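Structure assessment
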Amino acid sequence: MKAHRMKRAIAAVASTALLVGGFAFPASACTSVFAGKKATADGSVLVARNEDVSSAWSKHVKVFPRKTHKKGEKQKFVTGLTVTQPSVSYKYIAVPDWDPSEGPFEEAGINEYGVAVSATNSAYANEKAEKADPFIAKGVTESVIPSLILPRVKTARDGAKLLGQYIEKYGSAEANGLAIADKNEIWYFEVATGHQWVAERVPDTKYLIVANGLRIDNYNQNDTKNFMGSKTVISYAVGKGLITNYSKDKPFDFAGTYGEVGQKYNSRREWWGERTFTPSITQNAELQRYPLFMTPDKKITPKQVMKFLGSHYEGTPYDPSTPTGKDERAVGVDRTVESHVIQLRANKINNVMWLSLANPEYSVYLPFYAAILDTPTAYKHGNNIFSTDSAYWAFRAPAALAATDPANLGVGVKNYWGKYEDKLLAKQPSVEKEALNLYKKDPKKAIDYLNKYSNKTAEDAYSKSKTLRNELITKIASHSKGVFNPDL
């Protein structure tokens with residue numbers, strides 16, 4: 001566990017012990033779905049991930065305004081990394097930790113130019129690779145990546161290039177995988193050791209599932225349209241003896257050379273994701289590695305991704321709620337502090353981050369448009385202790401209560417939030433049509449409209465979550481039987 005994650009790790013380990021097949025994994029672990037614009041039902045680029053860290057760790061939702069900086073001004077992070085500020089920092093919305101003492105951990109966000117970052121999926125270098133190119137303690141970390149990239153770039157490609165430049169200059173403190181995307185493309189970026197990284201463009205017709213292992217196995221340094229990487233990523237591996245059978249006529253297996261691959265903790269989730277979106281192809285659930293990219297049987301919708309992110313191998317022997325699956329690591333877990341599904345569109349006014357605070361299985365995804373000016377006060381409050389004025393805790397409390405009785409309370413909570421979520425998704429086209437019409441006439445009116453809509457929806461859901469919590473407590477206290485069916 002990296003030092004800068006210690007508080008988060010302690011919080012997570014307090015609720016979950018993670019030792020799978022004799023391999024210890026950090027509790028800060030995630031699952032992602034990235035889908036190209038021709039793989040989705042509405043033509044939007046989709047970037048989605050669960051941030052899995054703790055059962056009690058508040059996330060805030062904030063808008064960071066555009067700022068100007070003096071020449072030579074520095075951006076200093078508590079991790080020890082210091083970089084020069086740009087002349088202008090672009091506005092963005094993101095999801096930071098309540099406690100910035102180990103870094104902002106903004107995790108996911110969209111800037112004013114429609115560039116989104118989802119960072120990161122923790123990964124692992126193999127022992128030989130890490131020894132050859134050690135991590136740099138004060139280098140780039142998960143905790144600072146969105147804060148570095150979102151204020152500085154106008155395209156996803158530029159974001160991937162910039163992150164690569166930072167890693168080559170300052171080094172990386174950890175191995176991980178992340179997405180940098182815009183309306184046209186997704187760049188899936190992996191860093192394995194202190195200075196070795198690669199990035200690959202996700203094909204428009206494909207999707208990618210990422211758990212907690214490095215995935216890129218087909219790096220082609222000559223295809224600069226679809227790949228980029230550190231200048232020494234291949235020569236270093238060859239020179240240090242990390243690979244002995246390299247051929248320039250074949251793709252370079254970055255993940256296999258630098259990473260730890262084949263861990264069931266990760267590969268099982270990859271299998272489940274590919275089975276979910278491409279059920280027509282049967283794959284053995286025991287494989288060590290799965291295809292990097294897949295074509296979905298049907299165009300992917302945000303709702304399908306939301307359901308997947310709360311799933312746990314339902315209907316299979318790997319379901320953790322069954323005796324045969326009790327040691328499995330599912331996609332949906334209790335320690336998810338937030339889950340996001342970002343839609344990036346041809347018209348930037350309608351870029352939106354659907355955000356679920358707490359475990360998405362028992363919570364709800366709410367729309368936060370990138371154009372908004374601010375978020376409700378409750379969404380900027382909360383820490384690691386239950387509070388009645390925090391949106392995180394308002395959603396976390398009913399989710400925790402539902403998890404104590406999945407067959408009764410859990411079913412009721414899922415049905416309730418599911419119906420609420422479906423109404424929001426059904427309303428989305430009309431909201432965005434109105435926003436686009438307003439934007440063509442007066443951009444300010446469109447921004448005000450989306451700001452009001454996002455905030456009103458967030459406040460309504462916040463209010464309902466507290467009422468739902470009270471209903472659940474009453475249900476438990478009364479010892480009443482029968483399926484819980486809230487009608488709020």
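Keep in mind that this is a model prediction, so the values were computed, not measured.

1. So, the overall build of the protein
Within the protein, the secondary structure is distributed over 11 helices and 20 strands. Expected size for 488 residues packed as a compact globule is a radius of gyration near 23 Å; at 22 Å, the protein falls within 12% of this value. Counting only C-alpha atoms and orienting by the principal axes, one finds that the protein spans roughly 70 × 60 × 45 Å. Every one of the 488 residues in the protein was classed for burial, and the buried ones make up 59%. Once local pairs closer than 6 in sequence are excluded, the contacts in the protein between residues at least 24 apart make up 69%. Here the protein carries 65 positive and 51 negative side-chain charges, and the mean point of each set is 4 Å from the other.

2. Considerations on the environment of Ala181
As for its position among the elements, Ala181 is in strand S13 (residues 176–181). Filtering out sequence-adjacent residues up to four positions away, Ala181 remains in contact with Val45, Val47, Gly114, Val115, Ala116, Ala156, Ile186 and Leu344.

3. So, the packing of helix H9 (residues 391–403) against helix H10 (residues 406–441)
A pair of packed helices can be characterised by two numbers: the angle between their axes and the separation between those axes. Across the interface, H9 lies against H10 with an axial gap of 7 Å and an inter-helix angle of 145 degrees. Listed contacts from H10 to Phe395, Leu401, Ala402 and Ala403 of H9 are Pro406, Leu409, Gly410, Val413 and Trp417. Its residues placed into classes, the contact of H9 with H10 shows eight nonpolar, one polar and no charged.

4. Concerning the environment of Ser44
Mapped onto the fold, Ser44 is located in the loop between strand S3 (29–35) and strand S4 (45–52). Overall, the relative accessible area of 1% leaves Ser44 in the buried class. Sequence separation between Ser44 and Asn184 is 140 residues; the distance between their C-alpha atoms is 8.6 Å. Side-chain polar atoms of Ser44 contact the side chain of Asp42, separated by 2.6 Å.

5. Details of the packing of helix H7 (residues 264–277) against helix H8 (residues 302–309)
The interhelical angle for the contact between H7 and H8, taken along N-to-C directions, is 150 degrees, at an axis separation of 11 Å. Taken as axis vectors, H7 and H8 run roughly antiparallel relative to one another. As for how H7 packs across H8, the hand of that crossing is right-handed. Facing H7, whose interface residues are Arg269, Trp272, Gly273, Thr276 and Phe277, H8 presents Gln304, Val305 and Phe308. Here the contact of H7 with H8 is built from residues that sort into four nonpolar, three polar and one charged.

6. A few points about the nonpolar core
With 111 residues, the main nonpolar core has Tyr258 and Tyr379 as its most contacted residues. Counting residues in each nonpolar core, the second largest holds 29 residues, with Val83, Ala94, Leu162 and Leu163 among its members.

7. Comments concerning the confidence of the model for the protein
In low-pLDDT regions, the fine details of the predicted coordinates are not to be read closely. For the protein, the mean per-residue pLDDT works out to 93, and 94% of the residues sit at or above 70. For the stretch residues 13–27, pLDDT sits under 50, and the model shows 27 contacts to residues farther than four places along the chain or on other chains.

8. Some words on the sheet that holds strand S16 (residues 207–210)
Whether parallel or antiparallel, the strands of a sheet pair through hydrogen bonds between backbone atoms. In spatial order, the strands read S16-S3-S4-S18-S19-S20; together these six strands make up an open sheet with antiparallel pairing. Either end of the sheet is taken by a strand with one partner, and the two such strands are S16 and strand S20 (366–369). Averaged over all neighbouring strand pairs, the angle between strand axes comes to 15 degrees, with direction disregarded. Bridge count for strand S19 (residues 352–357) against S20 is four bridges, and the pairing is antiparallel. The partner of Trp354 across the bridge, within S20, is Pro367. Sheet strands touched by H10: strand S18 (336–344), S19 and S20. Its angle to S20, the strand with the most contacts, is close to 30 degrees.

About the criteria used
- Residues numbered from 1 in each chain as written.
- Predicted model: local features only at pLDDT ≥ 70, side-chain atom pairs only at ≥ 80, totals over all residues.
- Heavy atoms only, no water.
- Helix = DSSP H or I, 4+ residues; strand = E, 2+ residues; numbered from the N terminus.
- Rg over C-alpha atoms; globule rule 2.2 N^0.38 Å.
- Buried < 20%, exposed > 50% of the residue type's maximum accessible area, 1.4 Å probe, protein only.
- Contact = heavy atoms within 4.5 Å.
- Lys, Arg positive; Asp, Glu negative; His and termini not counted.
- Charge placed at Lys NZ, Arg CZ, Asp CG, Glu CD.
- Axes fitted to C-alpha atoms, helices over the stretch in contact; angles between N-to-C directions.
- Nonpolar A, V, L, I, M, F, W, Y, C, P; charged D, E, K, R; others polar.
- Polar contact = N/O pair within 3.5 Å; in protein donor to acceptor, adjacent residues only side chain to side chain.
- Parallel < 35°, antiparallel > 145°, perpendicular 65-115°, else oblique.
- Left-handed = near helix turned anticlockwise from the far one by under 90°.
- Core = buried A, V, L, I, M, F, W, Y, C linked by side-chain atoms within 4.5 Å.
- pLDDT = per-residue confidence, 0-100.
- Pairing = 2+ DSSP bridges.

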